[in-house]
Amino acid sequence: MKRKLTFAVACYMAGGALCLAWEIGIWMLMLQAAAAFVLLYAFLPQKRTYLLTALVFFCIGVSCFALYKADAGTVQGYIGRWAKLEGRVEPVIREDCFLVDVESLAVDGRDIGYRGKLMLYHSGDIGAITVGDGVVAEGLLKLSSNQGYRNYCRGLGAEALIVSTPYHLEFTGLRPCSVKYYSHLAAEWVKDKLESPVVPPRQGEIMKGLLLGGREVGEETRQRFSAVGISHLLAVSGLHVGIICGVLVWLFKKLGLTGRERFIVVCALLAFFSFMVGLTPSVVRASVMMGVLMLAAAVNRKQDMLTSLSLAAFLMTAMKPYVIFSVSFQLSFLACLGIALFYPVFNRFFGFAGKYLSAAVSITLASQVLVVPLLIRYFGSFAPVSVLANILAVPLAGTVLWFTVAYLVLCLMHIPLSYTAAWVNGIIIEAMNYIIDMAGRVPFGSVNVEKAGAAFYIAYYLAAAAAWLAIDMTVHGKGGVKDLWT
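Here the structure is a predicted model, which is why all the values come from computation and not from measurement.

Caption draft 1: Representation of the pairing of strand β4 (residues 117–122) in the model. β4 sits mainly inside the fold: 6 of its 6 residues count as buried. Here strand β2 (residues 97–107) runs beside β4; their pairing, made up of 5 bridges, is antiparallel. Its bridge partner being in β4, D101 is matched across the sheet by K117. Taken together, the 5 bridges between β4 and strand β6 (residues 158–164) define a ladder with parallel strand orientation. Across the sheet, the residue bridging to K117 is A158, located in β6.

Right, dumping it as structure tokens:
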């Protein structure tokens, strides 16, 4: 078994999922796992290494998610009470709310030991605030009555809301040498350059969205992209990270850096960029996978997508188990898993269409196979026209990213050629907007689906697994299934 990490992380995620789903004690769950291990060992002693790995990672998963549940339960036990928190400002969500990384939370003058995050709502004008600012606030702890919004907050790590007023808010200044603060300054500089008179507002909005994520675009633009199934372009992920890495690697190669030096510098800049866009699950996943890819190249090792995806999932959920509730996390990982499993199948099927067209269609279909149920669950629709829209719009979006990075570098160096880069970008963006508008007019391009029950999701994923196994075994024979691990 060469994909040992993938196997181990699958066991780890199974333990975490059971811990979240079953209302039984942590020790009872581990005891049941140990009993199953003993029984399997008795019948399969030659597999003891795999069984021990499964048990260890299963228990790690149970422990990580059990600690998260205990921390979440701590604050939820004080809902409806007046509390005082001290912490640091995380991303500002809207004008009336922002996320707080809690350093202490006291109820009735006693610290309750909660060290997660809270969504802070305030009424009134509190002036400009900066990511990394220290904040002391008093307010009422609450839970949102909207389940969808509650899950959104949980995905950010906020297990509750705290409702305050400007009178009960005090900002205590920045933490020295804060990466979040300097990355926030860098993001503000980028936004300032993309909002300059040189860049028309509609063009600048797309450039900001592609480089910094969907928070930088208006609701109308988000809906236009979503209607034709290319909203992933506004979620900084593999495409964006790959292009940025390509620019950086090319630049540092020209500067004479060795492979290992490029790896260290580019990884550091990728980490900084991840902070710039708010550490969204999609960009963290893409950055980890890109780091693994560059490390493999630096040490002359073969890179494996499933292994790097598993490593990203393990690191993210081990450090922040609540990220599993994030829609961005779920869509990003299932899309990548779909590409890893189904892309070779689709690419063989569409091989007659030529290299580029086959790859474009195959990667679009493969990325959609496992995310369709989530699109139905969270958005109530999916877009069949996304295949056409992705084939046409993704290359243009990639080109826009290249020219956006070039424009910013030229601005940084005070080279007037930046105006030319902005002008060319404007032409490409208009072409992309035309494609989006045309795709949006295709009949039945977007299909609305009523919310489905649990049986639909179970049946869909079982059917997808069965289809993959059947196709893979048809192509490779009975040994094809082993390729998943070897």
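Let's pick the thread back up.
Caption draft 2: Spotlight on helix α7 (residues 219–227). Restricting attention to buried positions, one finds in α7 the residues T221, R224 and F225. Seen from one end, α7 has its buried residues packed into an arc of 95 degrees, which puts them on one side. Against the buried residues of α7 lie α6 (201–212) and α16 (418–440). The positive-phi residue at the C-terminal boundary of α7 is G229, with phi of around 75 degrees.

Caption draft 3: Inspection of the pattern of salt bridges at higher detail. Using the criterion set out here, one finds 8 salt bridges in the structure. Salt-bridge contacts for D111 lead to R115; the nearest nitrogen and oxygen are separated by 3.0 Å. When the shortest N-O distance is used, the salt bridge between E195 and K208 registers 2.7 Å. Placement of the pair is E195 in the loop between α5 (179–194) and α6 and K208 in helix α6, with a sequence separation of 13 residues. On the basis of relative accessibility, which here comes to 51%, the residue E195 falls in the exposed class. K208 sits in the buried class, given a relative accessible area of 10%. Each of E90, D101 and K117 takes part in salt bridges that share partners, so that together they form one network.

Caption draft 4: Geometry of the packing of helix α8 (residues 238–254) against helix α15 (residues 386–412). Viewed as axis vectors pointing N to C, α8 and α15 meet at an angle of 45 degrees, and their least axial separation amounts to 10 Å. Classified by the angle between their axes, α8 and α15 sit oblique to one another. Crossing angle aside, the handedness with which α8 passes α15 is right-handed. The segment α8 lies against α15, with L239, H240, I243, I244, G246 and V247 engaging V394, G398, L401, W402 and V405. Looking at the contact of α8 with α15 residue by residue, the classes come out as 8 nonpolar, 3 polar and no charged.

Caption draft 5: Looking closely at the pairing of β6. Here β6 lies mainly inside the structure; 6 of its 7 residues are buried. Where strand β5 (residues 133–142) lies against β6, 3 bridges are found, and the strand directions are antiparallel. Counterpart to L140 in the pairing with β6 is V163.

Quick notes on the rules
Numbers given for residues are sequential positions, taken from 1 along each chain in its written order. At least 70 in pLDDT is required for a residue's local features to be given in this predicted model, at least 80 for side-chain atom pairs to be given and counted, and no such filter applies to totals for whole chains, interfaces and linings, which use all residues. Each side-chain value is derived from all of the structure's non-hydrogen atoms; neither hydrogens nor water enter the calculation. Accessible area is worked out with a 1.4 Å probe on protein chains only. A residue is then buried under 20% of its type maximum, exposed over 50%, and partly exposed in between. Under the scheme used here, helices are H or I runs from DSSP no shorter than 4 residues and strands are E runs no shorter than 2 residues, and both carry numbers assigned from the N terminus. We treat two strands as partners when DSSP finds at least two bridges between them. The arc in question is traced by the directions running from the helix axis to the C-beta atoms. Residue contacts are counted whenever heavy atoms from the two residues lie within 4.5 Å of one another. In the sections that follow, a salt bridge refers to a side-chain nitrogen of Lys or Arg positioned within 4 Å of a carboxyl oxygen of Asp or Glu. The axes used here are C-alpha line fits, helices contributing only the stretch in contact, and every angle between their N-to-C directions lies in the interval 0 to 180 degrees. Note on angle classes: values under 35 degrees are labelled roughly parallel, values over 145 roughly antiparallel, values of 65 to 115 roughly perpendicular, and the remainder oblique. Whether a crossing is left-handed or right-handed is set by the direction in which the near helix is turned from the far one by less than a right angle, anticlockwise for left-handed and clockwise for right-handed. When residues are grouped by polarity, Ala, Val, Leu, Ile, Met, Phe, Trp, Tyr, Cys and Pro land in nonpolar, Asp, Glu, Lys and Arg in charged, and all others, Gly among them, in polar.

Keep in mind these values describe shape, not function.
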